[in-house]
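Observations on chain architecture
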Amino acid sequence: MPQNVIVLVGRVLLSIIFIVSGVGKLSDPAGTAGMITNAGWPAATALAYLAGLFELVAGLAVLVGFQTRIASYLLAAFCLVTAFVFHSGPINIPDFPEAANGLLSVFNQIMMMKNITIAGAFLVLGSFGPGALSLDARLGRPVAA
């Protein structure tokens with residue numbers, strides 16, 4: 001039983017960032033749309049809303065343990081894409097002091113590493129399952145490797 005509690009706590013901790021981020025993108029997509037535009041992707045506002053919806057739904061799925069393996073693998077892929085597309089390069093804002101751009105670049109690198117790390121956690125969750133304290137378990141789906 002303690003292992004299932006730990007897996008539940010892990011699911012809660014992994015889901016929080018995506019639920020909060022998803023709600024933020026859905027309520028104010030402008031910042032995300034700006035990042036998407038700067039990356040050269042089309043339909044930035046639509047993609048910001050889609051990203052927000054995906055983060056919210058997938059985050060809730062992980063939280064309650066519903067279709068956990070699918071949600072985990074999709075979130076791992078999402079983390080890797082966002083790491084390499086949006087957080088892999090240096091920041092250079094025109095008319096910003098060099099030191100400020102340097103600090104922002106360090107933060108960006110930290111965000112990239114955070115996303116890669118979270119992707120790893122989702123690969124583990126997807127592989128080993130959501131544990132017995134999940135909706136998947138209640139529905140009779142496999143919950144352990």
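Reference entry: report on the structure contained in this document. Just so it is clear, the model here is predicted, and its values are computed rather than measured. (Residues numbered from 1 in each chain as written. Predicted model: local features only at pLDDT ≥ 70, side-chain atom pairs only at ≥ 80, totals over all residues. Heavy atoms only, no water.)

1. Examining a nonpolar patch on the surface
- Together, V5, V9, L13, I16, V20 and L133 make up an exposed nonpolar region whose accessible area comes to about 500 Å².
- Structurally, L133 can be placed in the loop between α5 (98–128) and α6 (135–138). (Patch = residues over 30% accessible without salt bridge, like charges linked within 9 Å, V, L, I, M, F, W, Y side chains within 5 Å. Areas by Shrake-Rupley, 256 points an atom, 1.4 Å probe, with all protein chains shown as cover. Salt bridge = Lys/Arg side-chain N within 4 Å of Asp/Glu carboxyl O. Helix = DSSP H or I, 4+ residues; strand = E, 2+ residues; numbered from the N terminus.)

2. Considerations on the packing of helix α4 (residues 68–86) against α5
- Packing of α4 against α5 leaves a shortest axis separation of 8 Å and a crossing angle of 160°. The pairing of α4 with α5 is recorded here as roughly antiparallel in orientation. Like other packed secondary-structure pairs, α4 and α5 cross with a definite hand, here left-handed. For the pair formed by α4 and α5, the contact residues are T68, R69, S72, Y73, L75, A76, C79, L80, T82, A83, F84 and F86 on the first element and N108, M112, N115, I116, I118, A119, F122, L123, L125, G126, S127 and F128 on the second.
- When grouped by side-chain class, the residues that make up the contact of α4 with α5 number 16 nonpolar, seven polar and one charged. (Axes fitted to C-alpha atoms, helices over the stretch in contact; angles between N-to-C directions. Parallel < 35°, antiparallel > 145°, perpendicular 65-115°, else oblique. Left-handed = near helix turned anticlockwise from the far one by under 90°. Contact = heavy atoms within 4.5 Å. Nonpolar A, V, L, I, M, F, W, Y, C, P; charged D, E, K, R; others polar.)

3. Quick word on the packing of helix α1 (residues 2–27) against α5
- Where α1 contacts α5, the two axes come as close as 11 Å, and the packing angle between them is 140°. Between α1 and α5, the interaxial angle falls into the category oblique. Both α1 and α5 take part in a crossing whose hand is left-handed. Packed against α1, whose contacting residues are V7, R11, L14, I17 and F18, the element α5 presents K114, I118, A121, F122 and L125 at the interface.

The analysis is restricted to geometry; functional conclusions fall outside its scope.
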